Amino acid sequence: MGTVFAAVAEVTGERAAIKVLSAGFHADSGLTDRFSGEIESLRRLRHPNIGRIFGFGEDQEVQFYAMELVEGLSLQEAIDGGRRFTWQE
């Protein structure tokens, strides 16, 4: 649904993850609504294990948001590496 880029804020030097709605999806109101819902969920969530959202917007009809960049393995990389998770995790 989107592409995520690693970025650095010019003013603060803080690293961020920028998620951009994939090209061509802006014409599908269902997908843009879903992306907007994702943004709204991130705005409301406050938990130490969830990256915080810095901001969001739209440029040339493409929605995006910026959030805290968390270093480490992705969930898929952990699973592919043999990691087993308990139900609590």
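Residues numbered from 1 in each chain as written. Predicted model: local features only at pLDDT ≥ 70, side-chain atom pairs only at ≥ 80, totals over all residues. Heavy atoms only, no water.

1. Brief notes about unusual backbone geometry
Positive phi is not limited to glycine here, since Gln60 has a value of about 50°. One can find Gln60 in the loop between strand E3 (53-59) and strand E4 (62-68). Phi at Glu61 is positive, roughly 65°, even though this residue is not glycine. On the secondary structure map, Glu61 appears in the loop between E3 and E4. (Helix = DSSP H or I, 4+ residues; strand = E, 2+ residues; numbered from the N terminus.)

2. A closer look at the pattern of salt bridges
Taken as a whole, this structure holds 7 salt bridges when the rule is applied. Where Glu71 meets Arg15, a salt bridge forms, and the shortest distance between an N and an O atom there is 2.7 Å. Taken as a pair, Glu71 in the loop between E4 and helix H2 (75-80) and Arg15 in strand E2 (residues 15-21) lie far apart in primary sequence, 56 residues in all. The class of Arg15 is partly exposed, set by a relative accessible area of 43%. Note that Arg83 is salt-bridged to Glu89, the shortest N-O span being 2.3 Å. Among the residues examined, Arg83 registers a relative accessible area of 41% and is labelled partly exposed. (Salt bridge = Lys/Arg side-chain N within 4 Å of Asp/Glu carboxyl O. Buried < 20%, exposed > 50% of the residue type's maximum accessible area, 1.4 Å probe, protein only.)

3. Topic: the layout of surface pockets
There is about 190 Å³ of room inside the largest pocket. Surrounding the largest pocket, Leu42, Pro48, Asn49, Ile50, Gly51, Met67, Glu68, Leu69 and Val70 form its lining. (1 Å grid on protein atoms, 1.4 Å probe; cavity = no way out; pocket = protein on both sides within 12 Å on 5 of 7 lines; lining within 4 Å. Points joined across faces, edges and corners; volume = space filled by probe spheres on them.)

4. Some points on the pairing of E3
Sheet topology note: the E3/E4 ladder contains 6 bridges and is antiparallel. Pairing of Glu58 across the sheet is with Gln63, part of E4. Connecting E3 to the antiparallel partner E4 that follows it, the hairpin turn spans 2 residues, and Gln60 within it adopts a positive phi of roughly 50°. (Pairing = 2+ DSSP bridges.)

Interpretation in functional terms is not warranted from these geometric data alone.
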